[in-house]
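# Structural overview for review
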Amino acid sequence: REYTSWAELDAAYANFIFQQVPAPWSDTGKGYPCLKPLGSWYKDLLMRVHFMTDWLKTGPPNSFWISAFFFPQGFMTSALQAHARRYQLAIDLLCFDTEVMAYEGLEQTPSPPDNGVY
């Protein structure tokens with residue numbers, strides 16, 4: 001069982017009063033770095049969990065919400081690695097190509113790309 005001191009509880013209470021993310025929940029604790037106030041941070045956390053849960057239950061989405069990733073560089077590297085393996089290319093020779101699409105949201109993307117990720 002973890003021991004929580006009165007000082008830690010007092011600090012968390014002060015964070016709640018000032019709409020700040022308590023340290024044990026932020027990037028110094030078990031959370032992720034974010035400068036949003038507590039209410040927005042919590043809403044963002046719920047949206048991230050929902051996105052990841054849908055991905056787990058229904059498979060990869062047609063379009064990925066890049067801000068949902070706690071470490072987006074890892075996702076981008078995995079996309080390069082998947083392409084490199086598929087076409088037997090050296091990953092060091094690959095780079096990203098960005099194309100602006102006419103879709104306004106993740107749900108409006110009709111299908112995933114034939115190659116790569118949206």
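Right, let's walk through the structure included here. What you are looking at is a predicted structure, and each value in this text was computed from that prediction instead of being measured. (Residues numbered from 1 in each chain as written. Predicted model: local features only at pLDDT ≥ 70, side-chain atom pairs only at ≥ 80, totals over all residues. Heavy atoms only, no water.)

## Points about the environment of lysine 57
On the secondary structure map, lysine 57 appears in helix H2 (residues 38-58). In sequence terms lysine 57 and glutamine 73 are 16 residues apart; their C-alpha atoms lie 23 Å from each other. (Helix = DSSP H or I, 4+ residues; strand = E, 2+ residues; numbered from the N terminus.)

## Overview of the environment of serine 111
With respect to the secondary-structure elements, serine 111 resides in the segment after helix H3 (72-87). Since its relative accessible area comes to 37%, serine 111 is described here as partly exposed. C-alpha separation for the pair serine 111 and proline 61, spaced 50 residues apart in sequence, amounts to 8.5 Å. (Buried < 20%, exposed > 50% of the residue type's maximum accessible area, 1.4 Å probe, protein only.)

## Looking at the side chain of asparagine 15
In this fold, asparagine 15 is placed in helix H1 (residues 6-17). Owing to a relative accessible area of 14%, asparagine 15 belongs among the buried residues under this scheme. Not counting residues up to four positions away in its chain, the partners in contact with asparagine 15 are Gln20, Val21, Pro22 and Ala23. (Contact = heavy atoms within 4.5 Å.)

## A short note on the layout of surface pockets
Considering only enclosed or pocket space, the largest pocket measures out at about 1,000 Å³ in volume. Lining of the largest pocket is provided by 28 residues; of these, Phe96, Asp97, Gly116, Val117 and Tyr118 occupy positions nearest its centre. If you trace the second largest pocket, you find 14 residues lining it, with Phe51, Asp54, Pro61, Leu106 and Glu107 closest to the centre. For the lining of the second largest pocket, the residue count by class is six nonpolar, six polar and two charged. (1 Å grid on protein atoms, 1.4 Å probe; cavity = no way out; pocket = protein on both sides within 12 Å on 5 of 7 lines; lining within 4 Å. Points joined across faces, edges and corners; volume = space filled by probe spheres on them. Nonpolar A, V, L, I, M, F, W, Y, C, P; charged D, E, K, R; others polar.)

## Overview of H1
Given a rise of 1.5 Å per residue, 12 residues ought to cover 16 Å, and the 16 Å separating the end C-alpha atoms of H1 matches this to within 8%. Just beyond H1, the residue with positive phi is glutamine 19, at close to 55°. (Expected span 1.5 Å × (residues − 1).)

## Observations concerning the pattern of salt bridges
As enumerated under the stated definition, the model contains two salt bridges in all. With a shortest N-O distance of 3.6 Å, lysine 36 and aspartate 44 are connected by a salt bridge. Assessed through its relative accessible area of 38%, lysine 36 is described here as partly exposed. Linking arginine 48 and aspartate 44 is a salt bridge whose minimum nitrogen-to-oxygen distance equals 2.9 Å. Linking arginine 48 with aspartate 44, this pair stays in helix H2, spanning four residues, or about one helical turn. Just as arginine 48 is buried, aspartate 44 falls in that class too. (Salt bridge = Lys/Arg side-chain N within 4 Å of Asp/Glu carboxyl O.)

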